[in-house]
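# Notes for the structure review
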Amino acid sequence: MADMEGTIESKQFHTDVPAPKTSTNIKGAGGYDWGMHSRLAQIFDPADGRTVMLAFDHGYFQGPTSGLERVDLNVVPLAPHADALMCTRGMVRTIIPPNVRKPIVVRASGGPSILKDLSNERIAMDMADAARINATAVAVQVFIGSDDFETQSVHNMTQLVDAGIEYGIPTMGVTAVGRDLVRDARYLGLACRIIGELGAQMVKTYYCDEDFANVTAASPIPVIVAGGKKVPVLDALEMAHRSINEGAAGVDMGRNIFQRQHPEAMIQAVRAVVHNDASPADAQTMYRDLSGGLED
Ligand code: R5P
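This report concerns the structure included in the present document. (Residues numbered from 1 in each chain as written. Predicted model: local features only at pLDDT ≥ 70, side-chain atom pairs only at ≥ 80, totals over all residues.)

## Quick look at the site of the ligand
Among the 13 residues in the neighbourhood of the ligand, the closest are listed as Ala 55, Ala 226, Gly 227, Gly 254 and Arg 255. When residues of the shell around the ligand are traced back to their parent elements, those giving at least two are β10 (250–253) and α10 (255–258). Looking at the shell around the ligand residue by residue, the classes come out as 5 nonpolar, 5 polar and 3 charged. (Near = placed C-beta within 6 Å. Helix = DSSP H or I, 4+ residues; strand = E, 2+ residues; numbered from the N terminus. Nonpolar A, V, L, I, M, F, W, Y, C, P; charged D, E, K, R; others polar.)

Shown next, in the form of structure tokens:
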């Protein structure tokens, strides 16, 4: 039996100190259950509500992508610099060390390869398995505007959202833009808003040069910007900088990091932009210094 001494006289209610408010800085998360909110808070740094997600899930439809031939050699060493890792469950189970201590956003849709119509995706992972690998979130492509598979891909997402709510695991909807569609604020705003309205807790989309702030303003959930194909260092850093300035909650960058001559230098430069508000020029200098003078 516990010793009762001290429990009567030494109570400290601190009635003069207000109770703490939720301080995770995550857009739209105020009404979430604790587990869901906690997982999101592992992805977004509570200090600024932002994230640098390292994307290397490309193999799920395009096989051994350039830069990802050996994830163990080229990507695992970057993990300490990322806020979250976005990858497939295959890579999680075979390559990612279980002591990596980084939130995993796991790819949960798939089906067609680059040889087929990419929009014909299905759910490719059960939420129970996401829980088994200790995933912090799941990701699913949503093909708004697809002639044949718009509804199917939206339904993939809503099924994952329902399962995710059961488990407290957030879903990230990814705006997958078909070949004939234009990546402008009108289209991206439509896609992001639908994804938020239908219950996803995060949305990943592309940056667009005009009116991107309208896309983020109208999204009820955090908008994370995909990196896209490899461009010169300064261009990639500019894109990250503009995204953050126009309301994005971070980047989910792949090829612009892992296809660099010095990926470790690049991810640190991206971090400086996202978390420290470094200018693109200063971050480029950082890349140059950390990489021993590279300019790629
Ligand atoms: C691609 O299909 C994946 O969803 C990637 O995670 C996404 O495109 C981000 O990677 P990247 O910066 O290479 O575009």
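Text resumes after the structure shown.
## Observations regarding the sheet that holds strand β1 (residues 51–55)
Sheet architecture is closed into a barrel: 8 strands sit in the order β1-β2-β3-β6-β7-β8-β9-β10, paired in parallel fashion. Taking each pair of neighbouring strands and ignoring which way they run, the sheet shows an average axis angle of 25 degrees. Relative to strand β8 (residues 202–205), helix α7 (residues 185–197) is tilted by about 160 degrees, and along the sheet it contacts β6 (137–142), β7 (171–175), β8 and β9 (223–226). (Pairing = 2+ DSSP bridges. Axes fitted to C-alpha atoms, helices over the stretch in contact; angles between N-to-C directions. Contact = placed C-beta atoms within 7 Å.)

## Side note on unusual backbone geometry
One non-glycine residue, His 14, lies in the positive phi region at around 45 degrees. The exposure class of His 14 is exposed, given the 7 C-beta atoms found within 10 Å. Of note, Asn 25 is a non-glycine position whose phi angle comes to about 65 degrees, a positive value. Note on placement: Asn 25 falls in the segment before α1 (34–43). (Buried ≥ 20, exposed ≤ 12 C-beta atoms within 10 Å, placed from the backbone.)

## Structural notes on helix α6 (residues 150–167)
The end-to-end C-alpha separation of α6 is 26 Å, in line with the 26 Å expected for 18 residues at 1.5 Å each. Those residues of α6 not exposed but buried are Ser 153, Asn 156, Met 157, Leu 160, Val 161, Ala 163 and Gly 164. Downstream of α6 by one or two residues, Gly 168 has phi in the positive range, about 75 degrees. (Expected span 1.5 Å × (residues − 1).)

## Quick word on the pairing of β8
Burial along β8 is two-sided: the residues Met 202 and Lys 204 and Val 203 and Thr 205 are all buried. Of the strand pairs in this sheet, β7 and β8 are connected by 3 bridges, and their pairing is parallel. Bridge assignment links Val 174 to a residue of β8, and that residue is Lys 204. The parallel pair β7 and β8 is bridged by α7, and the resulting crossover is right-handed. Both β8 and β9 contribute to a ladder of 3 bridges, which runs parallel. What sits directly across from Val 203, in β9, is Val 223. Tracing the backbone out of β8, into helix α8 (residues 212–217) and back to the parallel element β9 gives a crossover that is right-handed. (Right-handed = clockwise from strand over helix to strand, strands pointing away.)

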